[in-house]
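These are the residues of each chain, in order.
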Amino acid sequence: MAGRAFTRLHYLQKFTVILLFCSLMPVAVTHRVMAGCELQESDASGFTRDGDILIGGIFPVHDDTDQQDITFREQPLPVTCETFGIQNYQWVQAMVFAIEEINNNSNLLPNITLGFQIYDSCTVLQRALRGALWILSGQDEPVPNYWCRTGLPPAAIIGDAGSTRSVALARILGLYRYPQISYFSTSSLLSDRNQFPSFFRTIPSDDFQSRGLAELVMQFGWTWVGLLAADDDYGQRGIQLVQQELVKAGACVAFFETIFPSQAAKSSFHITQVIKNSTARAIIIFSSSAYLTPLLDEMRRFWEEIFGCQWLHQEKSLRTKDNEIKLLRFIKKVHLRREGPENFFDKYGNPPAQYDMVNWQGDPDGIIRHVKVGSYDSSSHPGKTLIINASSVQWASGIKEVPLSVCSPSCSTGFRKASRPGKPLCCFQCVPCLLAEISNQTDSIECFKCPWVQWPNDKRDGCVPKITEFLAYNETFGVILAATSIFSSMVPIVILGLFIRYRNTPIIKANNSNLSYLLLVSLTFCFLCSLAFIGYPTSGKCLIRQIAFGIAFALCVSCILAKTITVVIAFSATKPNSELRRWVGPHLSYMIISISTFFQVLLCIFWLVLAPPFPEYNAHTQPGMITVECNEGSSMAFWCMLGYLGLLGTISFIVAFLARKLPGSFNEAKYITFSMLAFLSVWLSFVPAYLSTKGKYMVAMEIFAILSSSLALVFCLFFPKCYIILIKPKRNTKEYLMR
C-alpha cells in the first residue's frame, strides 16, 4: 500500500490553474510591458505559448526509470527521458485547458491573454532546476539572475510534482517572491514559511497523510509494519512522520529501508531480500512511482522465478527517446468551490487535507481497477477522520479477511505481555498471571490482583468469591472433635460418681478424696473447653476459649502438684521429731492449688486488659480462602500462659519422679510421674505441630492436644483405682493396702 495510493487527486490538476487565475484577476490590469535585454536564444526545449501574462509550468511528463548507478569513479551518463507518463501528461493538458478556458471567457480577464511556458522535468532534480531557470531567464541554457527577453517575467510557476524538486525550486523562486503552486508535493517541510515564503500547493501536507496512514494501520490491527521510503524529501520526511505516529499508537517497525534511485539495482535487490525474510505482512511505502518501479520489477522477477511463470507485459509503444509586483498577497486569500469541497490556502500554504482510500483490485481478466474503499478528512470530528469500508477491501488472492501483521500473536485473557530481551516492544511473550492475579483483557500489559475477598478463577480472567473457612460443627472433622470432647467429659463425671459411691473404702480415703474430687471436676472443664474452639469465631468465643483452657488446665495441674507434694510430706512426716508434721493436712493442698491457679488467672486478666483476642478474616494463609479465625491479640501472652502450664507440669513431674520409690501402697507418685510425662510429651509435640499448620487445622491441633493430654491424666491417675474398685474389690481393704 503506497503513500500515493492514499492521495486524493480528483480536482488538483484543474484547480491549480484556476486558483492561480482567481489570484490574477485583481492585479492583471496593472502589468506593464517592461523593456529588457535580449540575448541570442537557442531552440526552446519546452512547450510555450505567448501571452500578455506568462505562467510557468514544470511537469514530469517522462519518468527517468533507467538511471545508472553512480560509482563516483567516472562521469555520470547524461539524463535521458525514457518512459512517457499518461497521468503526468494529463496534468499538462489540464493546465493548458484551464488557460484556454480563461482566455475564451471575456468576463474573466478582458483584453489580457494568458500564455505559458511548460517544461518536462523527467522526474530529475537537475532538469527541474534547468526548467525553472529556462522560464525565468528566457534562455535554453540556464542563466541565473537574468531575464533576457522582452515583456514581463512569469507571474507564477506551477510545479513540480515531487517534493524534493519543489524544495529546490522554492529556494530559488522564494528569493524573488515568485508564487509557486505545486499540485503533487506533499512534504511537510514545505509548510515552513520562513524558508519557503511564496510556496503554495493544492494537495495536503504529508502531516495529514502520515496521520491517516497510521490510523489506517491501527484500524486493521497491524502492529508489526515494514517501512520503505525514497531517498528524497518526500519519502524521508513522510516516513519519519508515519513512524512517529505508529510508535505513539503502540505499533512497532519490523524494518526501515531506503530506496536509492542512484543505486536502483543494488538497493532493489537488498530491499527484496529484507521483505522476503521479514514476518511483517503490512508495508508502508513513501515513494514516487518512478523510484518504486525498479523495486517492483525486482520483486516481479523474485516471484516469476519461484512460480515459473511470467506476468503479462504491456506494449511499450509509449516509449520515446527524447517578484512579489501584489499577486502573492492575493493568492493567500483565494477561496474556491467547484464540484466539491471548498479549496483555499491556510497560513502554511496548504489546502484542506482530504484523501480517498483507493484499493487496487484485480478482476479475472487481469485488469487492475482502482476502487474507493474509504476516505480521510482532517476537518472531521476526532475519531471520524478516517472512514473505511473493510468489507469492500480486496486483499491478496482475493481474500476478504484482514491479514495479520504482528510480530507476536495476541495474549489471551489470563496472560500478560512480557518483553523479549533485544526485541522491539511489539515482539513479546505471553506470561501467565501469577497465582493471585488476573487479566480480563486481550494483550494486557500487566495483571492485577483481585479484591481481598475474591480470588482468580481457573482461567485467571475473572475474580470469584473466596471460600470462607473455619472449623464448623456441621463438617465431619468438627463433628468428630465435638463428639469426642463431650464423650470424654463424661468420663471424669462417671469416675467422680464412682468415687463418691465408694468414698468410705480404703483406696479412696488413702488418696485424699477431696483433691481427687476437685481434680476430676477440673478435668471435666478441660474436656469441655475444647468446644469453644469449634464453630464460627465470634468476639465472645475468642475471648473465652484460651482463657477457659488456661485456667482449667492450671487448676488441673495445680491439683496434681498438690497431691504430689502431699504424698512427699506425708511420708517425710512419719519420722520422729519431723518439722513437717505441722504441714500435714488439707490446708497445704488448698494453698498450693490457690496460689498456682491465681498466677494463671492474673496472667489472663492482664491479657484481656492489654491485648484481648478478637476475630479476624485472614486472606493470606491459604490461596483462594478466607480463614475466619481468632487473633490472639498478644502472641506473647498466649505462649506465657502455655509456658506456665508447662512449668507447673515440670515441677509436678520432678517431685513425683523423686518420690516414686517411697514405700507403701498409699504412694501414687508413680502414677503421677507417668501422667506428667504424658502431659508434657503432648504439649511439647504440640508446639512445632501448631506452628506448622494453618487455618482450621491449627485450631484442630490445639483441640487434639487438649483432649489427648486430658485423657492421659484420666487414664494414668484414675484407671488403676477404678480397676481395683470394680474388678479387684478384694484389694480395696485396709489389710491389703497396709501389707
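The structure presented is a predicted model; accordingly, all values stated were derived computationally and were not measured. (Residues numbered from 1 in each chain as written. Predicted model: local features only at pLDDT ≥ 70, side-chain atom pairs only at ≥ 80, totals over all residues. Heavy atoms only, no water.)

(A) Summary view of the sheet that holds strand 2 (residues 53-59). Judged by pairing direction, the sheet is mixed, and its six strands sit side by side in the order 1-5-2-6-7-8 without closing on themselves. The sheet is open, and its two borders are formed by strand 1 (47-49) and strand 8 (199-201), each paired with just one other strand. Here the average twist between neighbouring strands, direction ignored, is 20°. As defined by bridge partners, strand 2 adjoins strand 5 (residues 114-120) across seven bridges and the pair is classed as parallel. Bridging across to strand 5, Gly-56 finds its partner in Gln-117. (Pairing = 2+ DSSP bridges. Helix = DSSP H or I, 4+ residues; strand = E, 2+ residues; numbered from the N terminus. Axes fitted to C-alpha atoms, helices over the stretch in contact; angles between N-to-C directions.)

(B) Up close: the environment of Trp-395. Structurally, Trp-395 can be placed in the loop between strand 16 (386-388) and strand 17 (415-419). With 33 residues separating them along the chain, Trp-395 and Gly-362 place their C-alpha atoms 9.9 Å apart. Contact partners of Trp-395, with chain neighbours within four places excluded, come to Phe-220, Trp-222, Lys-400, Glu-401, Val-402 and Pro-403. (Contact = heavy atoms within 4.5 Å.)

(C) Quick peek at the side chain of Ser-210. Along the polypeptide, Ser-210 turns up in helix 5 (residues 206-219). For Ser-210, a relative accessible area of 1% translates into the label buried. A distance of 3.2 Å separates the side chain of Ser-210 from the backbone oxygen of Gly-238, its partner in a polar contact. (Buried < 20%, exposed > 50% of the residue type's maximum accessible area, 1.4 Å probe, protein only. Polar contact = N/O pair within 3.5 Å; in protein donor to acceptor, adjacent residues only side chain to side chain.)

(D) Just the confidence of the model for the chain, in detail. Mean pLDDT over the chain works out to 81, with 85% of the residues at or above the 70 mark. The secondary structure element of the chain with the lowest average pLDDT is helix 1 (residues 12-24), at 41, and the one with the highest is strand 7 (residues 180-182), at 93. In the model, residues 1-44 has pLDDT below 50 throughout and makes 119 contacts with residues more than four positions away in sequence or in other chains. Residue range residues 314-324 is modelled with pLDDT below 50. Its contacts to residues more than four positions away, or to other chains, number 18 contacts. (pLDDT = per-residue confidence, 0-100.)

(E) Spotlight on a nonpolar patch on the surface. Together, Leu-543, Met-591, Ile-595, Phe-598, Phe-599, Leu-602, Ile-605, Phe-606, Leu-608, Val-609 and Leu-610 line one region of the surface with nonpolar side chains, adding up to about 1,100 Å² of accessible area. Ranked by the residues each element gives to the nonpolar patch, the list is headed by helix 14 (residues 586-610), at 10 residues. Position of Leu-608 relative to the elements: it lies in helix 14. (Patch = residues over 30% accessible without salt bridge, like charges linked within 9 Å, V, L, I, M, F, W, Y side chains within 5 Å. Areas by Shrake-Rupley, 256 points an atom, 1.4 Å probe, with all protein chains shown as cover. Salt bridge = Lys/Arg side-chain N within 4 Å of Asp/Glu carboxyl O.)

(F) Representation of the nonpolar core. In terms of nonpolar packing, the biggest core is built from 64 residues, with Phe-499, Phe-549 and Trp-683 touching the most fellow members. Elements with a minimum of two residues in this core: helix 10 (476-501), helix 11 (506-509), helix 12 (513-528), helix 13 (539-572), helix 14, helix 15 (635-658), helix 16 (669-692) and helix 17 (696-726). When neighbours within four sequence positions are excluded, Phe-549 is seen to be in contact with Cys-529, Phe-533, Met-641, Leu-642, Leu-645, Trp-683, Glu-702 and Ile-706. By size, the runner-up hydrophobic cluster in this structure holds 28 residues, among which are Ile-53, Ile-118, Phe-200 and Leu-327. (Core = buried A, V, L, I, M, F, W, Y, C linked by side-chain atoms within 4.5 Å.)

(G) Layout of the packing of aromatic side chains. This model, assessed by the stated rule, comprises 27 aromatic pairs. Considering the side-chain rings of Phe-47 and Phe-116, the 5.1 Å spacing of their centres and the 70° angle between planes classify their relative orientation as edge-to-face. Here the residue Phe-47 occupies a position in strand 1, and Phe-116 occupies one in strand 5, the gap between them amounting to 69 residues. Aromatic ring contacts, followed pair by pair, group Phe-549, Phe-553, Phe-638, Trp-639, Phe-679, Trp-683, Phe-686 and Tyr-690 into a single cluster. In this arrangement the basic side chain of Arg-211 is found over the ring face of Phe-208, its NZ or CZ atom lying 5.5 Å from the centre. When the ring centre of Phe-428 is taken as origin, the NZ or CZ atom of Lys-417, which lies over that ring, is 4.7 Å away. (Phe/Tyr/Trp six-rings, centres within 6.5 Å; stacked < 30°, edge-to-face > 60°. Lys NZ or Arg CZ within 6 Å of the ring centre and 35° of its normal.)

(H) Just the state of the cysteines, in detail. One pass over the structure, following the stated rule, counts six disulfides. Paired by a disulfide, Cys-433 and Cys-447 hold their sulfur atoms 2.0 Å apart. The S-S bond linking Cys-433 to Cys-447 shows a torsion near -75°; that makes this disulfide left-handed. Here Cys-433, found in the loop between strand 18 (428-432) and strand 19 (437-438), pairs with Cys-447, found in the loop between strand 19 and strand 20 (448-449); they are 14 residues apart in sequence, far enough to count as distant. (Disulfide = S-S within 2.5 Å.)

(I) Inspection of helix 2 (residues 86-103) at higher detail. The terminal C-alpha atoms of helix 2 lie 26 Å apart, and with 18 residues this matches the ideal 26 Å at 1.5 Å per residue to within 8%. If you check which residues of helix 2 are buried, you get Asn-88, Trp-91, Val-92, Ala-94, Met-95, Val-96, Ala-98, Ile-99 and Ile-102. (Expected span 1.5 Å × (residues − 1).)

(J) Expanded view of helix 5. Across its 14 residues, helix 5 extends 19 Å between first and last C-alpha, which sits within 8% of the 20 Å expected from 1.5 Å per residue. Taken together, the buried residues of helix 5 touch strand 9 (224-230), helix 6 (233-249), strand 11 (282-286), strand 14 (354-362), strand 15 (368-377) and strand 16. Phi turns positive, to about 75°, at Gly-221, one or two residues after helix 5.

(K) Quick look at the pairing of strand 9. Extensive coverage of strand 9 is indicated by the burial of seven of its seven residues. Burial along strand 9 is two-sided: the residues Trp-224, Gly-226, Leu-228 and Ala-230 and Val-225, Leu-227 and Ala-229 are all buried. Bridge count for strand 9 against strand 10 (residues 252-259) is seven bridges, and the pairing is parallel. Its bridge partner lying in strand 10, Gly-226 is registered against Phe-255. Note that strand 9 and strand 11 share five bridges and pair parallel.

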